[in-house]
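Topology and contacts: notes
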Amino acid sequence: MRVVRALAALLLAGCAARGAPAPLSPDVLRLAAELDSAFAGPEFARAQWGALVQSLDNGQVLYRRNAERLFKPASNLKLITGAAALVRLGPDYRFRTPVLARGARQGDTLVGDLVVMGRGDPSLSQRVAGGDDILAALRPWADSIAARGIRVIRGRVAGDASWFPDPVLGAGWMWDDLPFYYAAPIGALQFNEAVAVAEVAPGAAADAPARVRLAPSGAPLRVFATVTTAPADSAISRIDWTRAPFSDSVVVTGRISAGQPPARLVVSVPDPTRYFEAALTQVLREAGIQVLGARCQVSGICARTPGAPEPTPPDARHLTPDTLFIWRSIPLRELLPYFEKPSQNQIGEALLRTLGGEATGVASVDSGKVVVRDVLRSFGVPDDAYSIVDGSGVSHYNYVAPEVLARVLFAMARRPEADVFLQSLSVAGVDGTLENRLRGTAAAGNARAKTGDISGARTLSGYVTTRDGERFVFVLMANHFTTPRRVVDAVADHVVERLANFTRGGSPRR
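Along each chain, the written sequence defines residue order, and numbers are assigned to residues from 1. Where local features are concerned, this predicted model is filtered to residues with pLDDT of at least 70; where side-chain atom pairs are given and counted, the filter is 80 or more; whole-chain, interface and lining totals use all residues. Heavy atoms from the whole structure form the basis of all side-chain values; hydrogens and water molecules are not counted.

1. Considerations on the overall build of the protein chain
The helix and strand tally for the protein chain stands at 12 helices and 20 strands. Accessible surface area values rest on a Shrake-Rupley calculation with a 1.4 Å probe, where residue burial reflects the displayed protein chains alone. When the accessible area of the protein chain is evaluated, it comes to approximately 21400 Å², of which 51% is carbon and sulfur surface. Numbered from the N terminus, helices here are DSSP runs of H or I no shorter than four residues, and strands are runs of E no shorter than two.

2. Remarks on the confidence of the model for the protein chain
A residue's pLDDT is the confidence the predictor assigns to it, expressed on a 0 to 100 scale. Here the protein chain shows a mean pLDDT of 91. Residues at 70 or above account for 89%. Contacts between residues were defined by any pair of non-hydrogen atoms, one from each residue, lying within 4.5 Å. Within the model, the stretch residues 1–18 combines pLDDT values under 50 with 23 contacts to residues more than four positions away or in other chains. Overall, residues 308–319 carries pLDDT values under 50, and its contacts beyond four positions in sequence, including any with other chains, amount to 20 contacts.

3. Some details on helix α7 (residues 332–340)
Restricting attention to buried positions, one finds in α7 the residues Leu-332, Leu-335, Leu-336, Phe-339 and Glu-340. Buried residues of α7 fall within an arc of 125 degrees about the axis and therefore sit on the same side. Note on exposure labels: buried denotes an accessible area under 20% of the residue type's maximum, exposed denotes more than 50%, and partly exposed covers the range between, all computed with a 1.4 Å probe on protein chains only. Our arc is simply the arc of the directions from the helix axis toward the C-beta atoms.

4. Some points on the packing of helix α5 (residues 139–147) against helix α6 (residues 272–286)
Interaxial angles span 0 to 180 degrees and are taken between N-to-C directions of axes, which are lines fitted to C-alpha atoms, for helices over the stretch in contact. Between α5 and α6, the least distance of the axes is 9 Å, while the angle of their chain directions is 60 degrees. Comparing their axes, α6 and α5 come out oblique. Between α5 and α6 lies a crossing whose hand is right-handed. Of the residues in α6, those touching α5 at Arg-139, Trp-141, Ala-142 and Ile-145 are Phe-276, Leu-280, Val-283, Leu-284 and Glu-286. All residues other than Ala, Val, Leu, Ile, Met, Phe, Trp, Tyr, Cys, Pro, Asp, Glu, Lys and Arg, Gly among them, are scored as polar; the first ten of these are nonpolar and the last four charged. Here the residues of the contact of α5 with α6 sort into seven nonpolar, no polar and two charged. Any angle that is under 35 degrees is reported as roughly parallel, and any over 145 degrees as roughly antiparallel; angles of 65 to 115 degrees are reported as roughly perpendicular and all others as oblique. For a crossing to be left-handed, the near helix must be turned anticlockwise from the far one by less than a right angle; the clockwise case is right-handed.

5. Notes on the pairing of strand β2 (residues 61–65)
Summarising the sheet, strand β1 (residues 48–55) and β2 pair through four bridges and their orientation is antiparallel. Bridged to Val-53 within β2 is Tyr-63. Where β1 folds back onto β2 in an antiparallel hairpin, the turn is made up of five residues, including Gly-59, whose phi is positive at roughly 80 degrees. At least two bridges found by DSSP between two strands are what make those strands a pair.

6. Comments concerning the sheet that holds strand β11 (residues 249–257)
Sheet architecture is open: three strands sit in the order β9-β11-β10, paired in mixed fashion. Each of the sheet's edge strands pairs with one partner strand only, and the pair in question is β9 (222–230) and β10 (237–243). Across the sheet, the axes of successive neighbouring strands diverge by a mean angle of 5 degrees, strand direction being ignored. Note: β10 against β11, seven bridges, orientation antiparallel. Paired with Asp-240 across the strands is Thr-253, a residue of β11.

7. Overview of the nonpolar core
One recurring pattern in soluble globular proteins is that nonpolar side chains are buried together. The definition of a nonpolar core used throughout is a set of buried Ala, Val, Leu, Ile, Met, Phe, Trp, Tyr and Cys residues joined through side-chain atoms within 4.5 Å. Counting residues in each nonpolar core, the largest one holds 49 residues, and the members touching the most others are Ile-80, Leu-332 and Leu-351. Secondary-structure elements contributing two or more residues to this core are α3 (77–88), α7, α8 (345–360), α9 (365–378), α10 (402–412), α11 (418–423) and β20 (471–479). When residues in this core are grouped by element, the largest group, eight residues, is from α10. When residues no more than four places from it in sequence are discounted, the contact partners of Ile-80 are Val-372, Leu-376, Val-400, Val-404, Leu-405 and Val-408.

8. A few points about the sheet that holds strand β12 (residues 263–268)
Taken in spatial order, the three strands of this open sheet run β8-β7-β12, and their pairing is antiparallel. For this open sheet the edge positions go to β8 (211–215) and β12, each flanked by a neighbour on one side alone. For this sheet the average axis-to-axis angle between neighbouring strands, irrespective of direction, equals 25 degrees. Here strand β7 (residues 195–201) runs beside β8; their pairing, made up of five bridges, is antiparallel. Of the residues in β8, the one forming a bridge with Val-200 is Val-212.

9. A word on the pattern of salt bridges
Salt bridges are defined as contacts in which a side-chain nitrogen from Lys or Arg sits within 4 Å of a carboxyl oxygen from Asp or Glu. Evaluation of the coordinates by the stated rule reveals 29 salt bridges. Linking Asp-374 and Arg-373 is a salt bridge whose minimum nitrogen-to-oxygen distance equals 2.9 Å. Glu-470 serves as the salt-bridge partner of Arg-504, at 2.8 Å between the closest nitrogen and oxygen. Of this pair, Arg-504 sits in the segment after α12 (485–500) while Glu-470 sits in the loop between β19 (457–465) and β20, and the two are 34 residues apart along the sequence. Exposure remark for Arg-504: the relative accessible area of 2% places this residue in the buried category. Shared partners join several salt bridges into a network, and the residues in it are Arg-437, Asp-453, Arg-458, Arg-485, Asp-489 and Asp-493.

10. Considering the environment of Leu-135
Mapped onto the elements, Leu-135 comes out in the loop between α4 (126–129) and α5. Through-space distance from the C-alpha of Leu-135 to that of Pro-216 is 7.1 Å; in sequence the pair is 81 residues apart. With sequence-adjacent residues up to four places away left out, Leu-135 is seen in contact with Phe-191, Pro-216, Ala-279, Gln-282, Val-283 and Glu-286.

Have a look at this one:
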């Protein structure tokens, strides 16, 4: 009985900030006791849980635990970035990338460079384009250039990524994560989320070297492989790889059995701009547009390609950069599911910088943080309830109180963009990072939430509907644990399932 009274006192104190505390029914008190028990397992004796459960229908806080304390949010930070982007940029916002011809036009020849002015578009990826063609997102660019009568580019594809002035890696990102897709660099020119694929296929017979294919083939990576083929009946597929930080050298070792399907290694590319230039160059050449790669000056004079005739002096009237077209991305409402559902980090970083760029003309992390601060203030979030340094949650310098995420979720559910925000989240047991969680429970197909995972932090926050049809906001944050992640997930999933099964048992919703 003392535990129930203590819980009641805590819950009433949590509601006091919103005005007169609402009476708590026995059903709510029982729920609070069950959640306290779930978080108090011996495996969490040295860990910390933060949680908050609130009714969207009447605003009642049903449960809170360390809700005012700061936690590493991991990818739950994407809820804040996505909300700020919807509020400030709007669901119909599109990234715009100008493509320029710098040099003189001589018939179907551009005597100069094709210049791409990066503005942060993170949607030029295989994930968004769909299908098996890693270059599919850039194929329409070749069509647009050909439609403007260009068949030969004497210079090169030149990327201008100065729109993002910050380093390509976020503050507080761990160096040993950098070779992997989730810590790929950020650039104002971003192709395929700054990752390429190394496909390792077995040789035809035992002891033969494995075959390694890079996709796209022009990706600026050097692959050094010492993978051998094992006998077909050995069923071996042990491939190890590494890319030293800030290096383009990928070392692949191991053995793979003959007849096994190829192993796919997703490797981050250290220079996003160079990667974009290489990918677009490959697309243009495959479309029959020659990119000769000569060094061209602003004057329009290009170094002569060996074996080529001396170029005709350019007409100075045509040296001003000419905008060929402006590529427009899919709207933000369509981009957000590619951000939140798979927890795609580079989209979050692009959105944070773009918020600052659109507001101030400087697309920096600091200017983006000011916009996020203003949005959070409009939701009633105090400045000392969080500290963020990136837009994705990869950084270990991010700290957010559970009550901040609850306020964001609560506020967004009442805004005109509510449905766009909701549809961007993973559906329990159905898709995204929740596809394999909560299957066969009352939360499956019901709860929509965002997961989060970095070393020592596991989070889950979103919305769930109870058996009564009441809508809840929930925030679950675990930090400083040493138990396996699956144990943390099991507790979080149990809580969400319990919320999905909650009923007030005929008592009034107070």
